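Below, each chain spelled out in residue letters.
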Amino acid sequence: MNYENEARRWRAVLGDMNRVQKHRGPDEEGSYLDRSCGLAQVRLSIIDPASGQQPMRRRIGERECVIVYNGEIYNMKALRRELGEEGVSFCTDSDTEVILAGYMHQGIDFIRRLNGIFAFAVWEPGEQRLVLVRDRMGVKPCFYAMAEDTLVFSSEIKGILRFPGVEAAVDREGLCEILGLGPAKTPGKGVFKGISELLPGHYLEFDERGSSPRCCRQHCYWRLESRPHQDDWEKTVEKMHFLIGDAVRLQMLSDVPICTFLSGGVDSSLVTAICSRELQKQGKALSTYSFDFKDNDRNFKANSFQPTQDRPWVDRVREYAGTDHTYLECRNEELYDYLFEAVEARDLPCMADVESSMLYFCRRVAARHKVTLTGECADEIFGGYPWFHKKECFEAGTFPWSMDFGPRIMLLKEEVKDQLHLQEYVQAAYEGTVAETPILPGESGEEKRRREISYLNLRWFMQTLLDRMDRTSMHVGLEARVPFADHRIVEYAWNVPWEMKCSGGIVKGLLRAAGREYLPMEVLYRKKSPYPKTYDPAYEGLVKKNMQEILHTPNEPVNALLDGRKVETFMSSPSDYARPFYGQLMAGPQLLAYLLQINYWLKHYHIRLL
């Protein structure tokens, strides 16, 4: 086959991989192809819309590099200025060129200077080398696979599945991920057989001149480090106050209007108040959005996880901050219908209606905005969840947000349980994470356990929520930013002693103290209430009706895993909304919805179970 025919073939492959991810970048697309490498990108134009096209090429003398990139570099202006002082010139105002120029000027070490959310690939034709890089917290996704001697990578799994010869197959390990750990997954795993995920804070080198997949090498460029905390309470509050304000202001970087998600909780309210104050200096009003479910005011049931509704607190903050606010509501029918599009967005079964509602709300927001800032990640970093505080969670020898393993296995066929050994798989994942927790020399007992709980949250629970936020927002062309996940905040908070984080026995006491300049005291010290969910029994009725239909349709793939009689018994029992099987929100109705998502996933992706 001559080169032109071969090039046509590979351009078609690149076009197909771009097409299935077009939602992530609906504004532009482009591709690059040489004899050894093909790159393609779809673009959501936020910084320098006029001249930031990708793939971007840059030549210095005989050396050429090409980059494709998803994300934002929040300190790009400072980096651009510093590189300029070192003699580097620029042709665009884009952060893409800042990454590429910095990489060519300083090498791979330049990534340590980046503050942002990113996954990017740099190809050097002269060296026949490709480098894949992912941000420290794993806000932006990056998956890869080896197809014979070819490295295939993509922001989403669906892109890899469009590569010729890559099969949608799931083996026992993949089923253990879905049934035992889901909607979480082990860091680095792609669940589909042969597909991996580049770990947060890592980069991967692939040398095309090699003759073996062994030339694919992954390196860690960032990890949490434990060290003694030297600052007193006043200095700690002062530093955290600066870091939070600076992170929010940096993440307002955009050439298009921004907005925020506002729940009325301390996290989103802090982000909103800071953003609003900055925009008011420019004579602008901040747009904000809150989410709830139709008739939740009638159906809401207060419990230990959700003690109060959000609406009154949203009203208080929007009035205080002077925002242009929009209240969004989701109906049962939309909540149910979006269960399945949420699977397509994540390429995996996910957080059931917790995720489908976020996808619906993001679509509504994306009709008016391309960029939003959120309060995500503060609970993992500052110790906001119940499992940081409850004795039974703190002492559990397993993932504290999923301590009751019974719901995960009670509906499965006996032979499935016998083959998968789910509990052993989950326990090994838990113990492996605990073993890699960075502990200070001399730490033991309660101090050591605090580290372990915090590390489990950062590596697992926070990553699941970051995945949810990225896929639901980018699926509809919206970029969601997470100021609390700024690596400087994470690094500093990691070493702050618990008596400071929970100062005076107040949950997230440090965060609240650091935010006193920005919010009224009643908002700042509101008791935590998580992301809302519906309490309408009519939604559960929709879920049960569809599950009944699946149970009575023999060729539905999930029936190979489920014991139909046990599912029927479960559906006839009273629902338990206050006893989640995962996190704070996924209780009985969400377990059924998750099983519906598994069934849809198996069918939609034509998955072969190995």
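Here, residues in each chain are numbered from 1, in the same order as that chain's written sequence. Whole-chain, interface and lining totals are the exception, using all residues; otherwise, since this is a predicted model, local features are given only for residues with pLDDT of at least 70 and side-chain atom pairs are given and counted only at 80 or more. The side-chain figures draw on all heavy atoms in the structure; neither hydrogens nor water molecules are used.

Draft legend 1. Fine view of the packing of aromatic side chains. Stacked, tilted and edge-to-face are the three classes applied to pairs of Phe, Tyr and Trp rings, where Trp contributes its six-membered ring and a pair requires centres within 6.5 Å; stacked means planes under 30 degrees apart, edge-to-face means over 60, and tilted covers the rest. For the structure shown, the criterion picks out 24 aromatic pairs. With a centroid separation of 6.1 Å and an interplanar angle of 65°, the aromatic rings of Tyr455 and Trp494 are classed as edge-to-face. Of this pair, Tyr455 sits in helix α17 (residues 445-474) while Trp494 sits in helix α18 (residues 487-494); the two residues are 39 residues apart in sequence, bridging distant segments of the chain. Three or more aromatic residues joined by ring pairs make a cluster, and in this case those are Tyr385, Trp387, Phe399, Trp401, Tyr430, Trp460, Phe461 and Tyr582. The ring of Phe90 has Arg58 sitting right over it, with the charged end atom 5.9 Å from the ring centre. Helix and strand definitions here come from DSSP, where helices need a minimum of 4 consecutive H or I residues and strands a minimum of 2 consecutive E residues; each element is numbered from the N-terminal end. We call a charge positioned above a ring when the Lys NZ or Arg CZ atom is no farther than 6 Å from the ring centre and deviates by at most 35 degrees from the ring normal.

Draft legend 2. Spatial organisation of the nonpolar core. Grouped together as the largest cluster of nonpolar side chains are 102 residues, with contacts concentrated most on Phe192, Phe291, Phe399, Ile598 and Trp601. Tallying contributions element by element places helix α24 (residues 588-604) first for this core, with 9 residues. Whether two residues touch is decided by their heavy atoms; if any such pair falls within 4.5 Å, the residues are in contact. Among all residues touching Trp601, those that are not within four sequence positions of it are Val170, Ile178, Val191, Phe192, Val343, Asp347, Leu348, Pro349 and Ile607. To qualify as a nonpolar core, a set must consist of buried Ala, Val, Leu, Ile, Met, Phe, Trp, Tyr and Cys residues joined through side-chain atoms within 4.5 Å. Accessible area is worked out with a 1.4 Å probe on protein chains only. A residue is then buried under 20% of its type maximum, exposed over 50%, and partly exposed in between.

Draft legend 3. Region of the structure containing unusual backbone geometry. Note the cis peptide between Gln54 and Pro55, where omega equals -5°. Relative to the assigned elements, Pro55 resides in the loop between β2 (38-43) and β3 (56-60). A cis amide bond, omega 5°, links Gly182 with the succeeding residue Pro183. Examined against the element boundaries, Pro183 turns out to sit in the loop between α5 (172-181) and β10 (195-197). In this structure, Asp48 takes a positive phi of about 50° despite not being glycine.

Draft legend 4. Just helix α22 (residues 537-551), in detail. With 15 residues, α22 ought to run about 21 Å at 1.5 Å a step, and its terminal C-alpha atoms sit 21 Å apart, in line with that. Along α22, the residues that are buried comprise Tyr539, Glu540, Val543, Met547, Ile550 and Leu551. When α22 is viewed along its axis, its buried side chains cluster within an angular range of 110° and face the same direction. Away from its buried face by more than 90 degrees, α22 exposes Pro537 and Lys545. The inward-facing, buried residues of α22 abut α10 (332-346), α11 (352-366), α23 (564-572) and α24. Definition of a polar contact: a pair of N or O atoms within 3.5 Å, with one able to donate and the other able to accept a hydrogen when the atoms are protein atoms, and with sequence-neighbouring residues admitted only if both atoms are side-chain atoms. Regarding α22, its N-cap is Asp536, as a side-chain oxygen of that residue lies 2.9 Å from the backbone nitrogen of Ala538 further along. Given a helix with a known number of residues, its expected span is that number minus one, times 1.5 Å. For this quantity, the arc is that covered by the directions from the helix axis to the C-beta atoms.

Draft legend 5. Focus on the packing of helix α6 (residues 233-250) against helix α7 (residues 266-281). Between α6 and α7, the least distance of the axes is 10 Å, while the angle of their chain directions is 60°. Looking at the two axes, α6 sits oblique to α7. Handedness of the crossing formed by α6 with α7: right-handed. Side by side, α6 and α7 meet where Ile244, Gly245, Val248 and Arg249 of the first sit next to Val271, Ile274, Cys275 and Glu278 of the second. Polar here means any residue other than Ala, Val, Leu, Ile, Met, Phe, Trp, Tyr, Cys and Pro, which are nonpolar, and Asp, Glu, Lys and Arg, which are charged; Gly is therefore polar. Here the residues of the contact of α6 with α7 are counted per class, giving 5 nonpolar, 1 polar and 2 charged. The axes used here are C-alpha line fits, helices contributing only the stretch in contact, and every angle between their N-to-C directions lies in the interval 0 to 180 degrees. Roughly parallel means an angle under 35 degrees; roughly antiparallel means over 145; roughly perpendicular covers 65 to 115; every other angle is labelled oblique. In this scheme, a crossing is called left-handed if the near helix is turned counterclockwise away from the far one by less than a right angle; it is called right-handed if the turn is clockwise.

Draft legend 6. Geometry of α24. Across its 17 residues, α24 extends 25 Å between first and last C-alpha, which sits within 8% of the 24 Å expected from 1.5 Å per residue. Two residues or fewer past α24, His606 is found with a positive phi of approximately 50°.

Draft legend 7. Local environment of the layout of surface pockets. Put simply, the grid is 1 Å and covers the protein atoms alone, a cavity is a trapped set of points that fit a 1.4 Å probe, a pocket is an open set with protein on both sides within 12 Å along at least five of seven lines, and lining residues have an atom within 4 Å of a point. Grid points are joined across faces, edges and corners, and a volume is the space filled by probe spheres set on the points. In this structure, the largest pocket spans a volume of roughly 1100 Å³. In terms of lining residues, the largest pocket is bounded by 46 residues, among which Leu14, Gly38, Leu39, Leu151 and Phe153 are the most central. When residues of the lining of the largest pocket are traced back to their parent elements, those giving at least two are α1 (3-19), β2, β4 (63-73), β5 (116-124), β6 (129-134) and β8 (150-154). Among the elements that take part in the lining of the largest pocket, α1 stands out by supplying 9 residues, more than any other. Of the residues that constitute the lining of the largest pocket, the class distribution is 28 nonpolar, 10 polar and 8 charged. The volume enclosed by the second largest pocket comes to roughly 480 Å³. Lining the second largest pocket are 21 residues, with Met252, Leu253, Ser254, Leu279 and Gln282 positioned closest to its centre. Of all the elements in the fold, those that place two or more residues in the lining of the second largest pocket are α2 (76-85), α6 and α7. With 3 residues, α2 is the single largest residue contributor to the lining of the second largest pocket.

Draft legend 8. Representation of the pattern of salt bridges within the structure. When a carboxyl oxygen of Asp or Glu is within 4 Å of a side-chain nitrogen of Lys or Arg, the pair counts as a salt bridge. Following the criterion strictly, the structure yields 60 salt bridges and no others. Ionic pairing is found between Glu334 and Arg331, a salt bridge with its closest N-O pair at 3.2 Å. Judged by its relative accessible area of 39%, Arg331 is partly exposed.

Draft legend 9. Broad picture of the sheet that holds strand β14 (residues 287-293). Whether two strands pair comes down to DSSP finding at least two bridges between them. Taken in spatial order, the 5 strands of this open sheet run β15-β14-β13-β16-β17, and their pairing is parallel. Sheet topology places β15 (324-330) and β17 (479-481) at the edges, where each strand pairs with a single neighbour. Taken pair by pair, the neighbouring strands of this sheet meet at an average axis angle of 30°, ignoring direction. Here helix α9 (residues 311-321) sits on the sheet and contacts β14 and β15; the angle it forms with β15, its principal contact strand, is near 165°.

Draft legend 10. The arrangement of empty space enclosed by the protein in detail. Tallied over the full model, the rule gives 9 cavities of 30 Å³ or more. In this structure, the second largest cavity is lined by 19 residues; those nearest its centre are Arg43, Leu44, Gln54, Gly71 and Glu72. Those elements giving two or more residues to the lining of the second largest cavity turn out to be β2, β4 and α3 (95-106). With 4 residues, the top contributor of residues to the lining of the second largest cavity is β4. Tallied by class, the residues present in the lining of the second largest cavity amount to 6 nonpolar, 8 polar and 5 charged.

Draft legend 11. Examining the pairing of strand β11 (residues 202-207) more closely. Counting buried residues along β11, 5 of its 6 residues qualify, which places the element largely inside the surrounding structure. Summarising the sheet, β6 and β11 pair through 5 bridges and their orientation is antiparallel. The residue bridging Arg129 from the neighbouring strand is Asp207, located in β11. Pairing geometry for β11 and strand β12 (residues 216-220), over 5 bridges, is antiparallel. Bridge pairing in β12 places His202 opposite Cys220.

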